[in-house]
Amino acid sequence: MGEGVNKEVVKAFKEYYQTLDVNELVVKDLQEREIALIPLGQETMIRHMTFPDTVALKEYLENHIPAHLYYSSAYYREPQASDMNKKGWKGADLIFDVDADHIPTPCKADHDTWTCLECMMKGTGFPPESCPKCGMKRIETTTWVCDRCLEVAKEEVFKLIDEYLIPDFGVSLKEVEVCFSGHRGYHLHVQTDDVKRLTSDGRREIADYVRGVGLDPKHQGFRMMKDGSITGPDLRDGGWRGRFAKSVYAYLSRCTMEELRSVVGSDEVANIIMRNKDRLLRGIMANPPSWMGLRGVELGRTIRIAKAAVKDLLCNIDERVTIDVKRLIRYPNSLHGKSGLKAARISYSDLETFDPLKDAVVFKSGSIKVYVKEAPRVRIGDYEVGPVKNVQLEVPGGLGIYLLCKGAAELRE
Amino acid sequence: MLTIEDLAKYPFLRKASSFVESYGLTFQDLASDEYDYVVQRAVERVRRGIEGRWAELNVVDPETEILAYPLALAFVYGLRSGWVVRRFANSEQKRCFELLKSEEKEKIAEVGKDGFDWDLEGTELMVSGALFDFSLPVENYLEVAPSFHSPDWKLVNRHVIGGRVYLKQVEVARLLSEALKLKILRKVEEEDIKKFQIPEKLLSKLEGLEKLMKETKKYDEDVMAEFVEEAKPPCIVALLKDLAAGKSLSHMARFAVTTFLINIGESVENVLKYFTSVADFDEGKARYQVEHIAGLIGSKTKYLPPKCDVLRSFGLCVGEDAYCKRVRHPLQYYKMKAREIKRKRDGRRSE
Ligand code: SF4
Ligand SMILES: [Zn+2]
Ligand SMILES: [Zn+2]
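Remember, predicted model here, so these are calculated numbers, not experimental data. (Residues numbered from 1 in each chain as written. Chains lettered and ligands numbered in written order. Predicted model: local features only at pLDDT ≥ 70, side-chain atom pairs only at ≥ 80, totals over all residues. Heavy atoms only, no water.)

1. Notes on the overall build of chain B
Per the secondary structure count, chain B includes 18 helices and four strands. The C-alpha extent of chain B, read off along each of the three principal axes, is 70 × 60 × 40 Å. Sorting the 351 residues of chain B into buried and exposed places 52% on the buried side. For chain B, the computed accessible surface area is about 17,000 Å², with 53% contributed by carbon and sulfur atoms. (Helix = DSSP H or I, 4+ residues; strand = E, 2+ residues; numbered from the N terminus. Buried < 20%, exposed > 50% of the residue type's maximum accessible area, 1.4 Å probe, protein only. Areas by Shrake-Rupley, 256 points an atom, 1.4 Å probe, with all protein chains shown as cover.)

2. A few points about the interface of chain B and chain A
Counting from both sides, the interface comprises 22 residues of chain B and, opposite them, 29 residues of chain A. Buried surface at the junction of chain B and chain A, both sides included, amounts to about 1,900 Å², of which 54% is carbon and sulfur. Of all residues in chain B, S128(B), V156(B) and N157(B) give up the largest surface area on contact with chain A, accounting jointly for 30% of the area buried on that side. Residue K154(B) is joined to D208(A) by a salt bridge in which the shortest nitrogen-to-oxygen separation is 2.8 Å. Linking chain B with chain A are twelve residue pairs in polar contact (both at pLDDT 80 or more). Counting only elements with at least two residues in the side of chain B that touches chain A, the list comes to β2 (130-137), α8 (138-144) and β3 (159-161) of chain B. When its residues are assigned to classes, the side of chain B that touches chain A shows eleven nonpolar, six polar and five charged. (Contact = heavy atoms within 4.5 Å. Buried area = accessible area lost by both parts, 1.4 Å probe. Salt bridge = Lys/Arg side-chain N within 4 Å of Asp/Glu carboxyl O. Polar contact = N/O pair within 3.5 Å; in protein donor to acceptor, adjacent residues only side chain to side chain. Nonpolar A, V, L, I, M, F, W, Y, C, P; charged D, E, K, R; others polar.)

3. Things to note about the sheet that holds strand β7 (residues 113-116) of chain A
Residues and elements named next belong to chain A. Here we have three strands laid out as an open sheet, ordered β8-β7-β9, and antiparallel in their pairing. Taken across any chain shown, the strands that pair with only one partner, and hence form the sheet edges, are β8 (122-124) and β9 (139-142). Mean inter-strand twist for the sheet, computed between neighbouring axes without regard to direction, equals 20 degrees. In this structure, β7 lies alongside β9, joined through four bridges in antiparallel fashion. Looking at the pairing, T115 lines up with E140 of β9. (Pairing = 2+ DSSP bridges. Axes fitted to C-alpha atoms, helices over the stretch in contact; angles between N-to-C directions.)

4. Considerations on the coordination of the zinc ion (ligand 3)
Residue and element names in this part refer to chain A. Of the protein atoms, only C107 (SG), H111 (NE2), C146 (SG) and C149 (SG) coordinate the zinc ion (ligand 3), at distances of 2.1 to 2.3 Å. Summarised as a motif, the one-chain spacing of the donors to the zinc ion (ligand 3) is C-x3-H-x34-C-x2-C. Placement of H111 in helix α3 (residues 108-111) and of C146 in the loop between β9 and α4 (147-165) is noted, with a sequence separation of 35 residues between them. Relative accessible area serves as the criterion here: at 16%, C146 is assigned to the buried category. (Donors = N, O, S within 2.8 Å, 3.2 Å for Na, K, Ca; no water.)

5. A word on empty space enclosed by the protein
Residue and element names in this part refer to chain B. Applying the stated criterion across every chain yields a total of three cavities of 30 Å³ or more. Computed from the structure, the largest cavity encloses a volume of approximately 110 Å³. Together, 15 residues line the largest cavity, and C235, C308, C317, G319 and C324 are the ones closest to its centre. Among the elements that make up the lining of the largest cavity, the one with the highest residue count is helix α17 (residues 308-313) (three residues). Broken down by class, the residue content of the lining of the largest cavity amounts to eleven nonpolar, two polar and two charged. (1 Å grid on protein atoms, 1.4 Å probe; cavity = no way out; pocket = protein on both sides within 12 Å on 5 of 7 lines; lining within 4 Å. Points joined across faces, edges and corners; volume = space filled by probe spheres on them.)

6. Some points on the domain arrangement of chain B
Residue and element names in this part refer to chain B. With domains assigned, chain B is organised as domain 1 (101-181) and domain 2 (229-350). Relative placement of domain 1 and domain 2: their C-alpha centres are 36 Å apart. For the pair domain 1 and domain 2, the summed buried area comes to about 400 Å², and 51% of that belongs to carbon and sulfur atoms. Linking domain 1 with domain 2 are zero salt bridges, by the criterion used here. Our count for the contact surface shared by domain 1 and domain 2 stands at one residue pair in polar contact (both at pLDDT 80 or more). (Domains from an automatic or database assignment.)

7. Looking at the site of ligand 1
Residues and elements named next belong to chain B. Near ligand 1, the surroundings consist of P233, P234, C235, C308, L311, R312, C317, G319, C324 and P330. Of all the cavities here, the one that holds ligand 1 is the largest cavity. Those elements giving two or more residues to the shell around ligand 1 turn out to be α13 (234-244) and α17. Looking at which element gives the most residues to the shell around ligand 1, the answer is α17, with three residues. (Near = heavy atom within 4 Å. Sits in = over half its atoms within 2 Å of the grid points.)

8. Focus: the state of the cysteines
Taken as a whole, this structure holds zero disulfides over all chains when the rule is applied. Free of any disulfide, C179(A) has its nearest cysteine sulfur in C315(A), 18 Å distant. (Disulfide = S-S within 2.5 Å.)

9. Details of the environment of I206(A)
Note on placement: I206(A) falls in helix α6 (residues 200-211). With relative accessibility at 3%, the residue I206(A) sits in the buried group. For the pair formed by I206(A) and I380(A), sequence separation is 174 residues and the distance between their alpha carbons is 36 Å. If near-sequence neighbours (up to four positions away) are discounted, I206(A) is found in contact with L94(A), F96(A), F169(A), L198(A), L142(B) and L155(B).

10. A few points about the nonpolar core
The biggest cluster of nonpolar side chains holds 185 residues, and the ones touching the most others in it are F96(A), L165(A), I273(A), F75(B), Y141(B), L155(B) and L175(B). Among the elements that line this core, the one with the most residues is helix α5 (residues 62-78) of chain B, at eleven residues. Not counting the four nearest positions on each side in its chain, L155(B) is found in contact with F169(A), E205(A), I206(A), Y209(A), V138(B), Y141(B), L142(B), V160(B) and V165(B). Formed by 30 residues, the second largest nonpolar core is a distinct cluster that contains C235(B), L239(B), L249(B) and I262(B). (Core = buried A, V, L, I, M, F, W, Y, C linked by side-chain atoms within 4.5 Å.)

11. Focus: the coordination of the zinc ion (ligand 2)
Residues and elements named next belong to chain A. In the first shell of the zinc ion (ligand 2), the protein supplies C116 (SG), C119 (SG), C131 (SG) and C134 (SG), at 2.3 to 2.4 Å from the metal. Coordination at the zinc ion (ligand 2) comes from four donor atoms whose angles at the metal span 105 to 116 degrees, giving a geometry best classed as tetrahedral. Each donor residue of the zinc ion (ligand 2) lies on one chain, and together they are spaced C-x2-C-x11-C-x2-C. Looking at C116, the relative accessible area reads 0%, which means it is buried. On the basis of relative accessible area, C119 is assigned to the partly exposed category, the value being 24%. (Tetrahedral: all angles 85-135°; square planar, octahedral: opposite > 155°, others 65-115°.)

12. Description of the packing of helix α4 (residues 36-51) of chain B against α5(B)
Residue and element names in this part refer to chain B. Look at α4 against α5: their axes get within 8 Å of each other, and the N-to-C directions meet at 55 degrees. For the element pair α4 / α5, the angle class is oblique. Between α4 and α5 lies a crossing of right-handed hand. Residues Y37, V38, V39, R41, A42, V43, R45 and V46 of α4 form the contact with α5, whose participating residues are T64, E65, L67, A68, Y69, L71, A72, F75 and V76. Residues of the contact of α4 with α5, tallied by class, amount to 13 nonpolar, one polar and three charged. (Parallel < 35°, antiparallel > 145°, perpendicular 65-115°, else oblique. Left-handed = near helix turned anticlockwise from the far one by under 90°.)

13. Some points on the side chain of E205(A)
Take E205(A): it is sitting in helix α6. Only 3.0 Å separates the side chain of E205(A) from the side chain of K154(B), close enough to count as a polar contact. If near-sequence neighbours (up to four positions away) are discounted, E205(A) is found in contact with L142(B), P146(B), W153(B), K154(B) and L155(B).

14. A short note on the pattern of salt bridges
Per the counting criterion, the structure on display carries 53 salt bridges over all chains. When the shortest N-O distance is used, the salt bridge between D112(A) and R184(A) registers 3.5 Å. Of this pair, D112(A) sits in the loop between α3 and β7 while R184(A) sits in the loop between β10 (176-180) and β11 (185-190), placing them 72 residues apart in sequence. In this structure, D112(A) and R184(A) share a single accessibility class: buried. Between E384(A) and R377(A) there is a salt bridge; the shortest N-O distance is 2.7 Å. Judged by relative accessible area, E384(A) falls into the partly exposed class, the value being 40%. Using a relative accessible area of 55% as the deciding quantity, one classes R377(A) as exposed. Beyond isolated ion pairs, a larger network of salt bridges with shared partners links E205(A), D208(A), R211(A), E319(A) and K154(B).

Here is the structure:
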């Protein structure tokens, strides 16, 4: 059975689109975007559609219930043209994709499994790049979300917005749209005229900026002075300079001797730094700052400390999505066919308290009898099950639809 | 305020174009004796471009300077040679860079605005040891900076606050002049430029240019015809060394060496010679692969070596010497260095 193509799922999705308020479908310049969808129970995508307004779109959706609904991040002169070169690209939103799939959280061992399609070796947790037994790269994964994964993904979103988009890129909160992806993460859409015409190369630079790719502390204030001493950036500098100063400060205040030793690669140097710690921290804080506390530490080692210090501040995004200027993105407030959850648009102020496994659940009434083949511990709303295997259960509607969409359960009489 | 002298310095500005338009000149007019001095100057400008030098500024007669620029461009596009366009774009870039480097700050901001719609703002921002003269919106910066090879130009290594990148004057000069170069190069793609024909009457004035173009281009091709051993980029040198030592190379490494050698004009036989010391050398198989890459068999396309970026991500880039810093492709490295070596050796310059 494919993506839960059964009467309960069809009924639920149909009801959702029929009762949906058209205002929930509002997106910026809908007429200039390509709309695409995969109908429930099918595998091929219908592409190159356009709609004059949300009313027309909703009407179409009611008649062609989508398992997955997408819109282009790009604005086109002729979105309906089937030849990409004839669409007439006018610009695109800047998109950031944060996906728990790409972040190695420890809880993955509890809920994810992978199988090598060559030798059938199985394992749990974050999938290896290639099979440890046969070395092949054809690895299939069965992944689930848990609160921890989603919490980590949310942290990434906050980091991206608070640490980079607002202070460094001068984007205002009004200009970013945050959407739950409907499954394992979040999408951020920046929709200003400033970003619209950025080329793919330009977008790559922005992705590299937030991921810290190619980041060289020597360009951000760390230097060797003529007398051989080291100097570094100021906490008040802003940009990567300020970020470095702040993180080195935080890092040195919390790191253990062990950690420091492995970062600088020398017992002696780690000792010097630890002995001078208070003086060093005071110096970094001072206005203007003084990095004299690092006297005797080479620039190369200082750089290693700086890099270790900012590690947690680098954003974990799927850069391919950001770089692509013609991407199809899940439509805000549509349903995700692999979870039955709503790709809800969330305002920044609600993000903190947003609970995807509750607030993105749209089927709240009734209960369904499902036969669960295999599932780890799963929570939907206030209800939890699992881990379970091969049992017939009666569960609340939202959880039932979720298990059916995940393909972990089926309807059996 | 931009004066007429400024427009002569930066004739690519919109204000300069309106100045030209105000004359309402047609090609017909320009072909007459009355405007011969303008045509002369335009030809001179193109000639300098082909020679790889830039025309000294003529401030005594700014009007001619401004009028001659669009005509020079018309000649450049009309000559229908991508090579000429590149040479011209390069020389205009250098000229513009030299002028902007020592320009007044307010003028630079105006050049940015009028020439490229850039919102440059003069500033005097001092942050931990660095002094910045300008700030520029990130999106303007990213129109040009990704075309530079060196890591200093990566956005992540810049000072970015509030959506603006902070820069020194010389960097702004570099960015603006590169924007000019890209503008000249990209225009080739435009439909009316593709259709443009130099009017009959002006054609005669170009004869000298066509001859110069052929000679200089031939000189360039000669450089390529003769294999300049010392001009090989470090990545290729390293791979050839491995081969000579009998090491077998990864697929990507073999592809890079072979495509490189074929593209600088080595014969299949010669390329094969490099591989003979490798332990698992299989002449028949190797010949097939090399011939395939050379486009002699199979799909009949001649393959190009991978870009530096690609080689770097495969761990095959070994060095960033002074030439590496200026190029994005190993072939470009070779051409640049070979040309310089030959010039030095022949003791002649193309002027
Ligand atoms: S920069 Fe390019 S040419 Fe230079 S060694 Fe690296 S790959 Fe080769
Ligand atoms: Zn395997
Ligand atoms: Zn988890």
